[in-house]
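This is what each chain is made of:
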Amino acid sequence: MKSELPVIIECRCNEIAYRSDNSALPYSPKEIVREAVRAWEAGASIFHWHGRDSKTGKPCNDVELYLEVIQGIREQTDMLIHPTLGYITQNQIEDRVRHILAVNDNPVLRVDLAPVDFGSLNVDFWNPQEKQFVTYDQVYVNTRANLMAVLEVFQKYDVHVSSVCWDVGQMRTARCFQEMGLLPKNTLWEFVFTGEVMPAGAAPTISGLQAFIAEVPNDNQWLALCWNGDVMRVAAWAITLGGHVGIGLGDYHYSRFGKPHNGELVEMVAKMAYALDREVATPAQTREILNLPQQPQLPTQSAALV
Ligand code: ZN
């Protein structure tokens with residue numbers, strides 16, 4: 001078993017979830033950095049977050065919010081930085097990549113990975129008690145024209161892409177972009193399972209996981225996460241089958257554990273990995289596994305980060 005690669009754990013700290021039930025859900029840059037440090041200390045090597053208004057928590061893609069978080073994370077950890085591209089209403093390509101490109105020229109602040117969702121999907125919540133959808137018109141749009149435009153920008157500026165797929169069809173779409181030369185042949189595949197309240201992706205079952213794995217090209221790495229659902233069982237299967245895991249309060253509240261913070265969730269996955277006889281990857285190992293450049297040397301004065 002020890003010949004297997006160590007498990008990469010990605011912390012997904014806030015997404016578009018609200019902290020009505022758990023004050024650890026971070027909004028402000030300081031809160032997001034606090035969760036990053038907790039996650040890093042617990043074994044996460046990749047950090048994913050969404051820019052939020054510090055007071056209301058509403059989605060906010062201001063470049064300054066991202067800069068403050070990246071600077072804070074770089075100062076205190078060696079994690080891989082993996083911010084969102086933005087939100088459902090932001091279909092303008094320039095809006096979705098602005099914060100990524102704003103830091104791209106700075107070797108210290110530039111992001112390590114940028115996620116691309118390889119398709120559109122209906123994202124209305126389902127109310128299982130009332131047997132009704134909460135809304136009937138919410139669509140997360142990613143046309144293939146938009147995908148092509150984003151991939152062209154990232155290729156031009158040498159931004160490494162993680163390939164986020166909500167179903168097997170999106171993996172097939174991504175593989176077409178690989179054939180087109182717009183997506184590298186070696187990419188990190190992120191499989192998005194979804195819980196009962198969000199029947200937009202695959203259900204978190206072992207057969208669903210096997211369907212995703214069947215589409216992964218040789219020697220590519222893959223990671224399983226669950227949006228609006230509990231990832232723990234999928235995590236166990238992913239660890240057993242040689243994959244990696246994404247977890248965080250942004251994806252699911254995990255209230256069955258009380259009010260955990262992101263570090264506590266990461267720690268549960270890390271302990272699960274050890275119990276299943278796999279090590280947990282350090283950020284340096286994660287960069288090596290994913291063929292990404294090593295962490296840039298930080299300047300001695302943090303002021304030089306600006
Ligand atoms: Zn996200």
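Here the structure is shown first, and the text comes after it.
Residues numbered from 1 in each chain as written. Predicted model: local features only at pLDDT ≥ 70, side-chain atom pairs only at ≥ 80, totals over all residues. Heavy atoms only, no water.

Peer 1: I tried to follow the sheet that holds strand S1 (residues 9-12) on my own but got confused; where do I start?
Peer 2: Strands belonging to one sheet form pairs held by backbone hydrogen bonds; the direction of such a pair is parallel or antiparallel. The parallel open sheet is built from eight strands, whose spatial order is S3-S2-S1-S12-S11-S10-S9-S4. The sheet terminates laterally at strand S3 (80-81) and strand S4 (114-117), the two strands that pair on one side only. Along the sheet, helix H6 (residues 206-213) contacts strand S9 (161-165), strand S10 (188-194) and strand S11 (221-227); its crossing angle with S10, the most-contacted strand, is approximately 155°. (Pairing = 2+ DSSP bridges. Helix = DSSP H or I, 4+ residues; strand = E, 2+ residues; numbered from the N terminus. Contact = heavy atoms within 4.5 Å. Axes fitted to C-alpha atoms, helices over the stretch in contact; angles between N-to-C directions.)

Peer 1: Explain the coordination of the zinc ion here, please?
Peer 2: For a metal with four tetrahedral donors the ideal donor-metal-donor angle is 109.5 degrees, whereas six octahedral donors ideally subtend 90 or 180 degrees. Protein coordination of the zinc ion is provided by Glu15 (OE), Glu15 (OE), His48 (NE2) and His50 (NE2), with donor distances spanning 2.0 to 2.5 Å. In this structure, the zinc ion is surrounded by four donor atoms whose angles at the metal cover 54 to 134°, and the resulting shape is irregular. On the primary sequence, the residues serving as donors to the zinc ion are separated as E-x32-H-x1-H. Note that Glu15 is positioned in the loop between S1 and helix H1 (29-42) and His50 in the loop between strand S2 (46-48) and helix H2 (63-76), a separation of 35 residues in sequence. For His50, a relative accessible area of 6% translates into the label buried. (Donors = N, O, S within 2.8 Å, 3.2 Å for Na, K, Ca; no water. Tetrahedral: all angles 85-135°; square planar, octahedral: opposite > 155°, others 65-115°. Buried < 20%, exposed > 50% of the residue type's maximum accessible area, 1.4 Å probe, protein only.)

Peer 1: Honestly, helix H4 (residues 144-156) in this entry has me stumped. Any pointers?
Peer 2: Note: α-helices contain 3.6 residues per turn, so residues at a spacing of three or four share the same orientation. If you check H4, its first and last C-alpha atoms are 18 Å apart, about what 13 residues at 1.5 Å a residue would give, namely 18 Å. Every buried residue of H4 is listed here: Leu147, Val150, Leu151, Val153 and Phe154. On an axial view of H4, the arc spanned by its buried residues comes to 160°, and they lie on one face. Opposite the buried face of H4, at more than 90 degrees from it, the exposed residues are Ala145 and Lys156. Looking at the buried positions of H4, the neighbouring elements they touch are helix H3 (93-102), S4, S9 and helix H5 (168-179). Just beyond H4, the residue with positive phi is Asp158, at close to 60°. (Expected span 1.5 Å × (residues − 1). Arc of directions from axis to C-beta.)

Peer 1: When you look at the state of the cysteines in this model, what are you seeing that I'm missing?
Peer 2: Such a bond, covalent and formed between the sulfur atoms of two cysteines, is termed a disulfide. For the structure shown, the criterion picks out zero disulfides. Note on Cys13: no disulfide assigned, nearest cysteine sulfur contributed by Cys11 at a separation of 5.7 Å. Sulfur of Cys226: no disulfide; nearest cysteine sulfur belongs to Cys11 and is 15 Å away. Cys226 sits in the buried class, given a relative accessible area of 1%. (Disulfide = S-S within 2.5 Å.)

Peer 1: What's the story with the side chain of Arg74 in this structure? I'm lost.
Peer 2: Structurally, Arg74 is set in helix H2. Only 2.6 Å separates the side chain of Arg74 from the backbone oxygen of Val108, close enough to count as a polar contact. (Polar contact = N/O pair within 3.5 Å; in protein donor to acceptor, adjacent residues only side chain to side chain.)

Peer 1: Teacher, can you tell me more about the pairing of S10 here?
Peer 2: Note on strand geometry: in a regular strand, side chains alternate between the two faces of the sheet. S10 sits mainly inside the fold: seven of its seven residues count as buried. Alternating residues of S10 divide into Leu188, Glu190, Val192 and Thr194 and Trp189, Phe191 and Phe193, and every residue in both groups is buried. Looking at chain direction, S9 and S10 are connected through four bridges and run parallel. Within the sheet, the bridge partner assigned to Val164 lies in S10 and is Glu190. A crossover connection joins S9 to the parallel S10 through H5; in handedness this β-α-β unit is right-handed. The sheet contact formed by S10 and S11 spans seven bridges and is parallel. Bridge pairing in S11 links Phe191 to Ala224. This β-α-β element, S10 to H6 to S11, shows right-handed connectivity. (Right-handed = clockwise from strand over helix to strand, strands pointing away.)

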